[in-house]
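# A closer look at the structure
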Amino acid sequence: MTASDLPALNIAELRDLLGRREVSPRAVLEALQSRIAEIDPQIDAYLSIDFDAALEEAARADVTLPLGGVPIAIKDIISVAGQPCTCASKILRNYRAPYDATVVRKLKAAGAIPFGKTNMDEFAMGSSTENSSVKPTRNPWDISRVSGGSSGGSAAAVAADAAFGALGTDTGGSIRQPASLSGVVGFKPSYGRVSRFGLVAFASSFDQAGPLTKTVSDAALLMNAMAGHDPLDSTCLNEAVPDYTANLGRDLRGIRLGLAQEYMIAGVDPKVRAAVDAAVAHFESLGAEIVAVSLPHTEYAVATYYILATAEASANLARFDGVRYGHRAENTRNLFEHYGRTREEGFGPEVKRRIILGTYVLSSGYYEAYYARAQKVRELVRQDFARAFEQVDALVSPTSPVPAFPLGERSVDPLQMYLADIFTIAANLAGICGISLPCGFAQTEDGAQLPIGLQLLGAALDEARILQIAHAYEQSTDWHKKRPPLVANVQRPTRKE
Ligand code: GLN
């Protein structure tokens, strides 16, 4: 194996080499650095990278630890001490995190090296990474298309072998959807399974951090390091953390998988539908039983989410006032003008739209009609899932109704973008766990192969079982072995407008 082959490894393979001391953490970082230098100019997955700090950590790395010497990319909404944490927003352009998020602290304690921050939709609001104030991330399978979002930088970096694994956050699908569009594994833990301390809050009753990886077992390895109680986050559950790798390799006999009739909706791309149907047939051939279930409140999920998440966002983003953090408007005459101009200059259009929507649904006179009712519907959605999980171990669906779409195609129509969250969003309303993994490809007219993602949803805290089911599928198919056709050091074509 030569150094240039290293970035193609997954975390488990890399750990084998590091543990046997066949390669040093420094050599791994240097190989990754040259891969990023060759590939990232084509996909724009990273916002900042601190290789000098990473090399210092590599020199100290304990390769006997579970993730000893493994570089991990971190979505730029998660604090890494000393590194920028901009949320891809102008308002935090000059902000550096003064401390580590608990997930980062835990990854470091397991030996991982967080070396760089990945691009995202501003404050994680979006599904395409086009809402980044810096640049859109491009899909490694077709650089004229989006990588998904909001954790699009993390997904693209992993897909392009420009990261061994990455962290993302998922408030309404932002780990699973970019994983689906970019052809990698994305895992959303149950609400409360992973600490949110040190994450910049978008919608606090939805947000969860989780891994984006090349394989299901890599997701389990990262979850082993990330999960668990944290006294610094009062919503983080005080429940024992199982070994998420323990069930991997167990067969699917006796496993019951649910197909929700409400997910058989129009608007799903026929190629996505066909790939998911084939995956369901494959599960049957592996011994799983397929059961029809009902999630009767599905049609309200998107509206409910966009009321509650915007309400929480409007409250959370009130702290960006030009006094305490980041961007500060100049030459203002009084405090109100200072707040107003700072926020006018600092926030992008989608963030402003969310703040306005959220303020509206919380305002007196509308609170009962919108926010209070949405809370009640949220409970009904939660009960839908609770009833379904009395019958089945997991639910199967597409992750996204469509494969990666061209840059610019949907950013003009926010409602169309919101509606495509239909399969991912309900899991966040209910607080359950879910995974997206590759299950096929859709060929475009230009001959590009676009990945299709399969979503498995599991009951709250049933992470180990979801990983087991996903792993059985992955290991009996070849989708995860396919790599995007990126060639090193190619200048990306300038886009024709
Ligand atoms: N696409 C959804 C939104 O725009 C989900 C985002 C997320 O999970 N952070 O809100």
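Higher on the page you've got the structure.
Being a predicted model, the structure only gives us computed values, none of them experimental.

### Comments concerning unusual backbone geometry
Among all residues save glycine, negative phi is the norm, and among peptide bonds the norm is trans. A cis amide bond, omega 10°, links Gly149 with the succeeding residue Ser150. Take Ser150: it is sitting in the loop between strand E5 (142–146) and helix H5 (152–159). A positive phi angle, near 60°, is found at Arg21, a position not held by glycine. Tracing the backbone through its elements, the reader meets Arg21 in the loop between helix H1 (11–19) and helix H2 (25–43). On the basis of relative accessible area, Arg21 is assigned to the exposed category, the value being 61%.

### Observations concerning a nonpolar patch on the surface
A surface patch of nonpolar side chains, about 280 Å² in accessible area, is lined by Tyr360, Tyr366 and Tyr370. Residue placement: Tyr360 occurs in helix H11 (residues 349–362). A relative accessible area of 37% means that Tyr360 is categorised as partly exposed.

### With respect to the pairing of strand E11 (residues 394–398)
Look at any regular strand and the pattern is simple: side chains alternate between the two faces of the sheet. Burial analysis of E11 places 5 of its 5 residues in the buried class, which makes it a mostly covered element. Sheet topology places strand E9 (residues 256–260) next to E11; 2 bridges connect them, and they run parallel. Its bridge partner lying in E11, Gly258 is registered against Leu395. Direction of pairing for E11 relative to strand E13 (residues 449–458): antiparallel, over a ladder of 5 bridges. Paired with Ser397 across the two strands is Gln455, which belongs to E13.

Cut-offs and rules
- Residues numbered from 1 in each chain as written.
- Predicted model: local features only at pLDDT ≥ 70, side-chain atom pairs only at ≥ 80, totals over all residues.
- Heavy atoms only, no water.
- Helix = DSSP H or I, 4+ residues; strand = E, 2+ residues; numbered from the N terminus.
- Buried < 20%, exposed > 50% of the residue type's maximum accessible area, 1.4 Å probe, protein only.
- Patch = residues over 30% accessible without salt bridge, like charges linked within 9 Å, V, L, I, M, F, W, Y side chains within 5 Å.
- Areas by Shrake-Rupley, 256 points an atom, 1.4 Å probe, with all protein chains shown as cover.
- Salt bridge = Lys/Arg side-chain N within 4 Å of Asp/Glu carboxyl O.
- Pairing = 2+ DSSP bridges.

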